Amino acid sequence: MREYLQFYIDGQWVDPIEMTTTETINPATEAVSGKIALGTKADVDRAVAAAKKAFASWSQTTKEERLALLERIQAEYEKRQSDLGAAITEEMGAPQALAQGFHCALGAGHLGTAIDVLKNFDFEELKGQTMVRYEPVGVCAMITPWNWPVNQIAVKVFPAIAAGCTVVLKPSQEAHFSAQIFTEIMDAAGVPAGVFNLVQGKGSVIGTELSRHPDVDMVSITGSEGAGIEVARNAADTVKRVTQELGGKSALIVLDDEQFAENVGKGVAGMMMNSGQTCSATTRLLVPKARMAEAIEAGKAAIAGVTVGDPNGEFSMGPVVSKAQFNSIQQYIEKGIEEGATLVAGGTGRPEGLDKGWYVKPTLFANATNEMTIAREEIFGPVQVIIGYDDLDDAIRIANDSEYGLAGGVYGADLKTCQNVARRMRTGWVSINDGFDFNCPFGGYKKSGNGREWGEFGFHEYLEIKGMLGFVPAAE
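Criteria and thresholds
- Residues numbered from 1 in each chain as written.
- Predicted model: local features only at pLDDT ≥ 70, side-chain atom pairs only at ≥ 80, totals over all residues.
- Heavy atoms only, no water.
- Helix = DSSP H or I, 4+ residues; strand = E, 2+ residues; numbered from the N terminus.
- Expected span 1.5 Å × (residues − 1).
- Buried < 20%, exposed > 50% of the residue type's maximum accessible area, 1.4 Å probe, protein only.
- Arc of directions from axis to C-beta.
- Pairing = 2+ DSSP bridges.
- Axes fitted to C-alpha atoms, helices over the stretch in contact; angles between N-to-C directions.
- Patch = residues over 30% accessible without salt bridge, like charges linked within 9 Å, V, L, I, M, F, W, Y side chains within 5 Å.
- Areas by Shrake-Rupley, 256 points an atom, 1.4 Å probe, with all protein chains shown as cover.
- Salt bridge = Lys/Arg side-chain N within 4 Å of Asp/Glu carboxyl O.
- Right-handed = clockwise from strand over helix to strand, strands pointing away.
- Parallel < 35°, antiparallel > 145°, perpendicular 65-115°, else oblique.
- Left-handed = near helix turned anticlockwise from the far one by under 90°.
- Contact = heavy atoms within 4.5 Å.
- Nonpolar A, V, L, I, M, F, W, Y, C, P; charged D, E, K, R; others polar.

Right, let's get into helix 1 (residues 41–58). The terminal C-alpha atoms of helix 1 lie 25 Å apart, and with 18 residues this matches the ideal 26 Å at 1.5 Å per residue to within 8%. Of all the residues in helix 1, the buried ones are Asp-43, Val-44, Ala-47, Val-48, Ala-50, Ala-51, Ala-54 and Trp-58. All buried residues of helix 1 project into a common sector of 160° when viewed along the axis, lining one side. With respect to the buried face of helix 1, the exposed residues turned more than 90 degrees away are Lys-53 and Ala-56.

Quick look at the structure:
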């Protein structure tokens, strides 16, 4: 039973100004797993004031001073990775192998990338007579989700601090255990007072107050489309910078070649990772219509290899995060059946033998159309739809026919064809044959948000651009 009843403000663990608590539920057992304090406007004001005060000095630190802090954080992070992984399993149900592995590796990767970017970053660049200077944007509020909790904290906090900004973090209510441990890492590393602050609480309270606070210079949110809109609306009066990484309904185009069956299987199995709770998950699998029957068989075989059960065991898929999420996914599965898609595997209810915990059957539909609800709306669970295409032009048309544009993918033996398909997909991130790179910009088109995270592209999100004209005299 974990209890986290303090916030981290101005370099100290402090009690909330008003002590209000809420219980948290383990999604694998439905049992109470902990208790956290819920913040108020007064706690936000205190944290923002600390960040504003600290910005005056932190923004003037040298590159070497910031690097030294990031390297101390890196050392402390390595010590606590197993603790972070255990917390992620307990709070949102990720299988221990995934939580201890990829979840934690993402946080470490973003930290290492921030260090590398900072080492090689020029904060001043002479262009003719003008000096272009990159300066930290100021106090940054960060609102992060529960599905990849350490990843989303790391990809925001580390580049912001490296750029010279100060931070107030508001993590998801469903993922507060890992956020607390992350904060313990920052404290152990000796982050200067006020440079990093943590306030737990409800999005409707803490997120709203941070978004409209006059002393917050920027808000970075990863979350639902609705949450992103609300943040932007609340931030409008203070004309602060807002970056949003929101929802997705990403397409994976599988080419018609000798690797087809293998690639369909990879696409289905990969989408089920993290119980399908990934904003960039390729939930629409596009295959040639003439090979739909083959795709169904390959998909069915892939689903058979997805084992579901206790995330502390040796299963590949755990529960979804909450009862509300479970119920929402069940409604989408029912809708898919009603709309006439072919149910290849899975369906409604819990998997056999699991009568407690928010476990969802890994579900695959085929013979779907892109007009169906299950092909249009973000389900955020282990549900994938196979849609047939006539030719590559048709596949690209279907892939781009979405309100979202966060991610996508293309699998195929001919690299040149894959490259051409990737160029034509209207989305911010396209993975060719499972390509992965911490320096690749991540972010979306359309309703998937704005701005870019990861690598140097994410670094620039936390910098203002100043032009100093006449910095050098004109040549005679």
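Turning to the sheet that holds strand 1 (residues 2–4), a few remarks are in order. The strand order across the open sheet built from 3 strands is 1-5-4, with neighbouring strands paired in mixed fashion. The outermost strands of the open sheet, each flanked by one partner alone, are strand 1 and strand 4 (21–25). Strand-to-strand twist in this sheet, taken as the mean axis angle between neighbours without regard to direction, amounts to 20°. Alignment of strand 1 against strand 5 (residues 32–37), held across 3 bridges, turns out to be parallel.

This brings us to a nonpolar patch on the surface. On the surface, Met-1, Ile-25 and Val-32 cluster together to form a nonpolar patch covering roughly 290 Å² of accessible area. With respect to the element layout, Ile-25 can be found in strand 4.

So, on to the pairing of strand 12 (residues 241–245). With 4 of 5 residues buried, strand 12 is to be regarded as a mostly interior element. Two elements, strand 11 (residues 218–222) and strand 12, share 5 bridges in a ladder whose sense is parallel. Note on strand 12: the bridge partner recorded for Met-218 is Arg-241. Remark: the strand 11/helix 7 (residues 225–235)/strand 12 crossover connection has right-handed handedness.

Running from N to C, helix 2 (residues 63–92) and helix 5 (residues 176–188) point in directions that differ by 170°, and their axes come no closer than 8 Å. Taken together, the axes of helix 2 and helix 5 lie roughly antiparallel to each other. In the packing of helix 2 onto helix 5, the handedness of the crossing is right-handed. Where helix 2 approaches helix 5, its residues Ile-73, Glu-76, Tyr-77, Arg-80, Asp-83, Leu-84, Ala-87, Ile-88, Glu-90 and Glu-91 are matched on the opposing element by His-176, Phe-177, Ser-178, Ile-181, Phe-182, Glu-184, Ile-185, Met-186 and Ala-188. Of the residues contributing to the contact of helix 2 with helix 5, the split by class is 11 nonpolar, 2 polar and 6 charged.

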